[in-house]
Amino acid sequence: MGWRSALAVFLIGILVSGLCGILAYFLPVVAAAYAQTGQQARSGRAGPAPLPAAPTPASAIRGAAFTVLLMGSDDDSKFPSDAVLTQSMILVRVDPAARHVTMLSIPRDLWVPFAGGGTAKIDAAYALGGATRAIATVEHDFGIRVDEYVWVGLKGLIKLIDYLGGVDLTTANPVLDDFYPADVESTDPYAYKRVAVLPGPQHMDGLHALEYVRSRHDDIQEDFGRSQRQQQVLLALRTKVRNVNPSDLPAIVATFNAEFKTSFNLLDLGRLRSLLALASQITDPSQVEQLILTGDYTSSSVVDGQDVLLPNWNTILPLVQKNFT
Amino acid sequence: MLLTAAVWAATGAGTYLYIGSHRGTIAAQARTPGEARSGSSSPLSRLPGTMYIVQQGTLYRLQGGAFTALLQSATWTQPAVAPSGQSLLVVRRDYDFSDLYLVDTAGHVQAQLTHDANRNVQLNHWAFYPRFSADGGQVFFSYDAKDRFNSYDVVLSIYQMPVRGSFGQARKWTTPEPYTGGDLQPIPLGPLGVIYTKYTFDQATNRILSQVWLTSRIGAVSRPLTDAAADCSQPSLAPDGRRLALICTGGTQFASVEVASFDGASLGPRQVLVGGQLAAQPTWAPDDSGLVYLAPQGLSGHFELWFQPLPPPPPPTPTAVPANSPTPRRAGAARPTATPSPPTPSPSPPRPPAAIQLTTDLDFDATSTIAWHL
């Protein structure tokens, strides 16, 4: 072998070694990308209640507005794996061109017809048919397209917040709850504990942020108050996410383990980068609109012995059409 | 050949480590105050008197620019210093209850004032925000009495009990609005009553908002000093009793430090001292030269100690107070005015100088009060 050939082999070896280093670093991301991300969001493609075929998702067009369904679940042992209720469902409309975000919390007790048949509280849609059925139900009832979804288990949320170094926010009022589920620290899924989140600006780690967004027994607004708190923590998280870069992805993926599923493709680094850039551009509170379905939008009732919220579609649908289409 | 393989391996490992070294700076750890050193000319060392402040459950004393840990090995929070400066009230917070303790200024526990643990967890209690009365003989605090008919409604009320007494002697001052969190952060005014923060549900905005209230005595009708839309809390009375510092959010995530004159019955117009931040725990300097507060730089980061210098307040207007009732100089010595005076419009006060950041990378507990004494 001449010296030119030897040099070429050496340089190729250097290149391959560098690529191996990159691959080794991002291997957890690649594995998670195949196992947990890039999953189907469109209900029309699969699921128990196929809807009419939809046009190309708006999210496929970079810069076009898109809608994400965020879901957070209890992942305790009261339920079979991946058949859990969603404690939180938040529709997020992102308009990159206008640099504007709209968030709409869907009450967990909203009594709605399910895609595929039946009527129940909307928090059961994920338990009965996973993300596909939850999305199909939201699309069917609210008359909108959901382009992407993100599902996070509550333990995953704790880990994410801790990885990001906690969140900083102003809690609006004391959150006191003598019957808060102690399922995160205890092996007994039915255990309770007392929590007291004091009011005012503060730093919260993952466990305390979860207590803040999950408690609902001592809130005069019940689930609506909790929805406001969930949106608040999401916005605080957005502030933290501005400091994330692609080098953080393996560690973030490792923190989530199986507590995270999404239709976003983690391997689409260009899109991820543009989303992170967008998050850093949304700094003014006026760029974020927060919607809660209180007042004229819902009414309390009892159906089949369950406390439920009956939707007033005459007021909900115009609101949703205005903000999510 | 061996050398070539080594270079290749080093390239791979180096690439891995290089990428790893470029992770975001998203979880920077705070230092402990004991690690912080300040020079004799630093703003921190020029603060008058002694300050008590909490970081991660440890109570620190700040004196001459040096921090000393006083209480640790538990979660200690919300110190309040006695008028004499010789003792402190501190909350010890456990997993699902909290108790008030009397400690000396060296951090030695003198007495446990409340006993809030119970075998039945749902019968545990919370005690927070202790404050000495002006004569040092009483403690005012927030406490969750149980509703026997509705165990879901956990709300805090303002209580008063003797510092050297028992909870059996405690008296309830306020009636909180159910399911709101209740009444917090009492500031005893002596004969004038108690200032405190009340949380109420605001029908107009569908939100729970905070207001600073004044009640003159147990059982008396309380009245708000601030409007609900301002969403003000964390009142702090200046040593001269004539100014009140507050945290106001206007229902947003921004928490501003504001200050208003106080005549013993009502507040004057509020002036924003620090806006656009997550500011918390305004606490007056014992010499009235300004106030400290906790806030990160911007909307995220470690909660650091800041000092806001303030000019002395203008002399009181003669018409605001009846001739036979001098303007209160100290909370404990103040007497009620015959007729409450409404907030009087006044010319815009001069803009105060910029606040000075006193610490870096310390991340104090922003839900804990700060105590400061000469």
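Residues numbered from 1 in each chain as written. Chains lettered and ligands numbered in written order. Predicted model: local features only at pLDDT ≥ 70, side-chain atom pairs only at ≥ 80, totals over all residues. Heavy atoms only, no water.

(A) Highlighting the overall build of chain B. Across its full length, chain B holds 1 helix and 24 strands. Every one of the 374 residues in chain B was classed for burial, and the buried ones make up 53%. The long-range share in chain B, meaning contacts at least 24 apart out of those at least 6 apart in sequence, stands at 47%. Carbon and sulfur atoms form 55% of the exposed surface of chain B, whose accessible area is close to 16,300 Å². (Helix = DSSP H or I, 4+ residues; strand = E, 2+ residues; numbered from the N terminus. Buried < 20%, exposed > 50% of the residue type's maximum accessible area, 1.4 Å probe, protein only. Contact = heavy atoms within 4.5 Å. Areas by Shrake-Rupley, 256 points an atom, 1.4 Å probe, with all protein chains shown as cover.)

(B) Region of the structure containing the sheet that holds strand E16 (residues 232–237) of chain B. Residue and element names in this part refer to chain B. As summarised here, the arrangement of the 4 strands in space is E16-E17-E18-E19, forming an open sheet in which the pairing is antiparallel. The outermost strands of the open sheet, each flanked by one partner alone, are E16 and strand E19 (271–274). If you compare each strand with its neighbour and ignore which way they point, the axes differ by 30° on average. Of the pairings in the sheet, the one linking E16 to strand E17 (residues 243–248) comprises 4 bridges and is antiparallel in character. Following the sheet pairing, Ser236 is matched in E17 by Ala245. (Pairing = 2+ DSSP bridges. Axes fitted to C-alpha atoms, helices over the stretch in contact; angles between N-to-C directions.)

(C) How the structure looks around the interface of chain B and chain A. With 62 residues of chain B at the interface, the matching set in chain A holds 52 residues. Together, the buried faces of chain B and chain A total about 4,800 Å²; carbon and sulfur atoms form 61% of this surface. Across the contact surface, chain B and chain A share 2 salt bridges. Among the salt bridges present, the one from Lys146 of chain B reaches Asp178 of chain A, with a minimum N-O distance of 2.7 Å. Across the chain B-chain A interface, the total number found is 13 residue pairs in polar contact (both at pLDDT 80 or more). Secondary structure elements with two or more residues in the side of chain B that touches chain A: helix H1 (2–20), strand E8 (127–132), strand E12 (183–188), strand E13 (194–202) and strand E14 (207–215) of chain B. Ranked by residue count, the leading element in the side of chain B that touches chain A is H1 of chain B, at 9 residues. (Buried area = accessible area lost by both parts, 1.4 Å probe. Salt bridge = Lys/Arg side-chain N within 4 Å of Asp/Glu carboxyl O. Polar contact = N/O pair within 3.5 Å; in protein donor to acceptor, adjacent residues only side chain to side chain.)

(D) Representation of the domain arrangement of chain A within the structure. Residue and element names in this part refer to chain A. Here chain A is partitioned into domain 1 (3–156 + 243–324) and domain 2 (158–236). Contacts between domain 1 and domain 2 engage 32 residues on the former and 22 residues on the latter. With both chains or domains summed, domain 1 and domain 2 bury close to 2,400 Å², and 60% of this area falls on carbon and sulfur atoms. At the boundary of domain 1 with domain 2, the tally comes to 0 salt bridges. (Domains from an automatic or database assignment.)

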